[in-house]
Amino acid sequence: MIQPTGLAVLAKLHLAERIRHEGARIDRLFGRAGDRVVLDVSYSAMPRGDRFGIGIHRASLFAALHDAILAEGIDIRTDHTVVGSRLVAGGRSLLFADGQASEGFDLVVDGLGTRSALAPPTGYELDYGALWASLDWPGGSPLDPHTLSQRYRRSSTMAGVLPLGVGAGETLRAAFFWSLKGTDYPRSRETGLAAWKQEVLALWPECEPFLEQIVDRDQLTFARYAHRTLKTPLEDRLVHIGDAWHSASPQLGQGANMALLDAWALARALSEHGDIAQALTEAIALRRRHVKLYQALTCLFTPVYQSDSRLLPFVRDRLVGPVSKLWPATAIQASMVSGLIGDPLGTLGLEEYSALVETQALPA
Ligand SMILES: Cc1cc2nc3c(=O)[nH]c(=O)nc-3n(C[C@H](O)[C@H](O)[C@H](O)COP(=O)(O)OP(=O)(O)OC[C@H]3O[C@@H](n4cnc5c(N)ncnc54)[C@H](O)[C@@H]3O)c2cc1C
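Residues numbered from 1 in each chain as written. Predicted model: local features only at pLDDT ≥ 70, side-chain atom pairs only at ≥ 80, totals over all residues.

A.B. asks: I would appreciate a short explanation of the overall build of the chain in the present structure.
C.D. replies: Check the secondary structure of the chain and you find twelve helices and 18 strands. What you see for the chain is a C-alpha radius of gyration of 21 Å, in line with the 21 Å of a compact globule of 364 residues. Judged by the C-alpha coordinates and their principal axes, the chain covers about 65 × 50 × 45 Å. By residue count, 38% of the 364 residues in the chain fall in the buried class. At a minimum sequence separation of 6, the contacts of the chain that also span at least 24 residues come to 70%. (Helix = DSSP H or I, 4+ residues; strand = E, 2+ residues; numbered from the N terminus. Rg over C-alpha atoms; globule rule 2.2 N^0.38 Å. Buried ≥ 20, exposed ≤ 12 C-beta atoms within 10 Å, placed from the backbone. Contact = placed C-beta atoms within 7 Å.)

A.B. asks: Teacher, can you tell me more about the nonpolar core here?
C.D. replies: Counting 75 residues, the largest nonpolar core has Leu7, Ile19, Ile54, Ala265 and Ala283 as the members making the most contacts within it. When neighbours within four sequence positions are excluded, Ile54 is seen to be in contact with Met1, Ile2, Leu7, Ile19, Arg20, Gly23, Ala24, Arg25 and Ile26. (Core = buried A, V, L, I, M, F, W, Y, C linked by C-beta atoms within 7 Å.)

A.B. asks: It is not clear to me how the pairing of strand 13 (residues 173-181) should be interpreted in this structure. Could you clarify?
C.D. replies: Where a strand is regular, its side chains alternate between the two sheet faces. For strand 13, the tally of buried residues reaches eight of nine residues, placing the bulk of the element in the interior. Relative to strand 13, strand 10 (residues 128-136) is paired through nine bridges, and the arrangement is antiparallel. In the sheet register, Ala133 faces strand 13, and the bridge partner there is Phe176. Relative to strand 13, strand 12 (residues 157-165) runs antiparallel, the two being bridged by six bridges. Counted as the bridge partner of Val161 is Phe176 from strand 13. (Pairing = 2+ DSSP bridges.)

A.B. asks: Explanation requested: the site of the ligand in the structure shown.
C.D. replies: Contacts to the ligand come from 22 residues, most closely from Gly113, Gly242, Pro250, Gly255 and Ala256. Of all the secondary-structure elements, those providing two or more residues to the shell around the ligand are strand 10 and helix 7 (255-272). Looking at the shell around the ligand, the element that brings in the most residues is helix 7, giving four residues. Here the shell around the ligand is composed, by residue class, of twelve nonpolar, nine polar and one charged. (Near = placed C-beta within 6 Å. Nonpolar A, V, L, I, M, F, W, Y, C, P; charged D, E, K, R; others polar.)

Shown next, in the form of structure tokens:
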């Protein structure tokens, strides 16, 4: 999901319209455990009611950014596995798996993600991951195409459907996900597809037209999550951004948005400071507080929705669920999901996309 934070960066890159067109507008996050509503967040609960998220396939987001890079004429070298880097006379050089090394660069920006070969190992793998599949949105589905819908049994079982929009095609797509512990993944592959579908349908019968499209286990990709934050995302001529700096479970759906904000902060600092070391210090300073805050919030909320705990879902279902439907909890939750707590946009001099549309800075 792209949040208003990520969308503000994409607007600066003139990509917001494309992402909005290719993705699905998301107005609400809604989850049930049996008859109880345990998650109900509407973007409209925030004082400014025109905010929304966008559900989009990561390939569409990638293609939009990739096209923008090509349009700038930036040289791309593919088919290199990075294994490390070292300082050389002309700057910092990348080391590749085939034993080759690059020329020296003024600056290496590490965007290699949570298992970056350029950063020291830190943090921990989370117990729970999820099986994911990209499917067509079935005609006549009772699910709302503008809602991220989820169903829970305690915190240990969770299924979800995220509308993804049409991408570059014309068919509405959806992401289906099913939580699974990393340790249970090998055994789950041996379980027949039919038995697995029965388990899902017992939790959420309305998913049947989605599940019908899964005919081969290989349509399901298992994603594991890691929670990690580098203490020092800076080295000489090297900066770590996005998941390479900080990663968390996707429970709050912030990671890609945080990566976009990091990239924007870096671009801004580099444009303002001639000295690279000074620019890097400034870029990290612009982002550190927001990163810390959301790493903590994600760490706090993940076990409530994804863990073996029996106490946490018990409290969630009977106390947190009902209270969260009352103002101001509704507005606080929506701000949290939007990524806007801590004013990350103001810090970076960014404006929200919907505000830009209002002021005619962009076509509506
Ligand atoms: C299942 C799942 C759901 C998620 N949902 C959301 C969501 O809804 N919203 C959200 O904002 N975030 C979400 N996230 C988090 C989000 O995907 C990440 O935070 C985001 O992709 C980080 O971007 P990045 O560019 O830093 O790293 P990545 O997207 O991980 O990109 C790193 C790239 O580097 C490449 N690479 C890695 N190692 C090497 C190497 N040694 N040599 C060469 N190339 C290498 C990888 O192939 C990859 O292309 C989700 C994550 C997962 C796993």
